[in-house]
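Examining the three-dimensional arrangement
Here is what each chain is made of, one letter per residue.
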Amino acid sequence: MTMSSDPNPLDLGVRTGWPPELRYLLERFPRGGWPDHPNLGDLTQFWLEIHESFRAAAVDLERRADDVREGRTVPEQYWAGAAPRMRRLLAGLGYHHRVEDSHVFPVLMEAEARLIRGFEVLERDHDALHARIDRLVALSRVMPVSLTSDTGDIARSVDDLTAAQAHLAAGLRQHLADEEDLIVPLILDRTEVVLGM
Ligand SMILES: [Fe+2]
Ligand SMILES: [Fe+2]
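Residues numbered from 1 in each chain as written. Chains lettered and ligands numbered in written order. Predicted model: local features only at pLDDT ≥ 70, side-chain atom pairs only at ≥ 80, totals over all residues. Heavy atoms only, no water.

With respect to the pattern of salt bridges
This model, assessed by the stated rule, comprises 21 salt bridges. Notably, a salt bridge pairs E180 with R55, separated by 3.1 Å at the nearest N-O pair. With E180 in helix α5 (residues 154-190) and R55 in helix α2 (residues 42-69), this pair connects stretches of sequence that are 125 residues apart. Judged by relative accessible area, which is 2%, E180 ranks as buried. Salt bridges sharing common partners tie together D60, R63, R64, D67, E70, R72 and R85. (Salt bridge = Lys/Arg side-chain N within 4 Å of Asp/Glu carboxyl O. Helix = DSSP H or I, 4+ residues; strand = E, 2+ residues; numbered from the N terminus. Buried < 20%, exposed > 50% of the residue type's maximum accessible area, 1.4 Å probe, protein only.)

Focus on α5
With 37 residues, α5 ought to run about 54 Å at 1.5 Å a step, and its terminal C-alpha atoms sit 53 Å apart, in line with that. Once α5 ends, the next one or two residues include T191, with phi positive near 85°. (Expected span 1.5 Å × (residues − 1).)

Re the coordination of the iron ion (ligand 2)
In this structure, H51 (NE2), H96 (NE2), E100 (OE) and E179 (OE) serve as the protein donors to the iron ion (ligand 2), at separations of 2.0 to 2.2 Å. Here the iron ion (ligand 2) binds four donor atoms, and the angle range of 80 to 171° at the metal identifies the geometry as irregular. Read in sequence order, the donor residues for the iron ion (ligand 2) give the motif H-x44-H-x3-E-x78-E. H96 gets classed as buried once you look at its relative accessible area, which sits at 7%. (Donors = N, O, S within 2.8 Å, 3.2 Å for Na, K, Ca; no water. Tetrahedral: all angles 85-135°; square planar, octahedral: opposite > 155°, others 65-115°.)

Quick look at empty space enclosed by the protein
Gaps left between atoms are located by rolling a probe of water-molecule size over the structure's atoms. Evaluation of the coordinates by the stated rule reveals one cavity of 30 Å³ or more. One number sums up the size of the largest cavity: a volume of about 60 Å³. For the largest cavity, the full set of lining residues is A58, L61, M86, L89, L90, L136, Q165, L168, A169 and L172. Put simply, the parts of the chain that give the lining of the largest cavity at least two residues each are α2, α3 (75-111) and α5. The element that contributes the greatest number of residues to the lining of the largest cavity is α5, accounting for four residues. (1 Å grid on protein atoms, 1.4 Å probe; cavity = no way out; pocket = protein on both sides within 12 Å on 5 of 7 lines; lining within 4 Å. Points joined across faces, edges and corners; volume = space filled by probe spheres on them.)

Considering the packing of aromatic side chains
For the structure shown, the criterion picks out two aromatic pairs. With centroids separated by 6.3 Å and ring planes inclined at 45°, the aromatic side chains of Y78 and W79 adopt a geometry described as tilted. Looking at Y78, the relative accessible area reads 3%, which means it is buried. For R15, the ring lying beneath its charged end belongs to W18, and the centroid distance is 5.3 Å. The positively charged end of R114 is found above the aromatic ring belonging to Y24, 3.8 Å away from the centroid. (Phe/Tyr/Trp six-rings, centres within 6.5 Å; stacked < 30°, edge-to-face > 60°. Lys NZ or Arg CZ within 6 Å of the ring centre and 35° of its normal.)

Take a look at the structure:
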């Protein structure tokens, strides 16, 4: 994790995609050609599907958040549905990031030194996402108290929690898109087998 107080232009929440020096493979392998590319191996397809499941879970949680904020569900009903889904998403992200940090990124950094800076950015993203996850977990511990005690401010708890959830979802979308833009073109260029994945 960087300790600098200046925002890095490539930090999550600041950047809007990769700079030209990290896009040279993406220019050669644009997204439109990925699905039919012969080098899109099973592992990569599986990894993309996991990313898609994270996006779908985030959309589902956002829909539930909209429903409670706009009065279509009561907070108790919202929390009964959102809590297990949120737990599943956060556990899935924790595992996924550990695999990427410990295995996927080191292998790919070794294979393509020109992209190392991009992988360092993705590693920092994981730290940033985990800070957002920690905030969400802390707020989710408040929800049951708010729902069951007379003194709990339910509306405030719901607002705080759904805002934290939206903050995580926004960072997650950016991270997933940029991670795919960095990694998939490299795999299509070299193949999973050659990279030793
Ligand atoms: Fe990641
Ligand atoms: Fe990922």
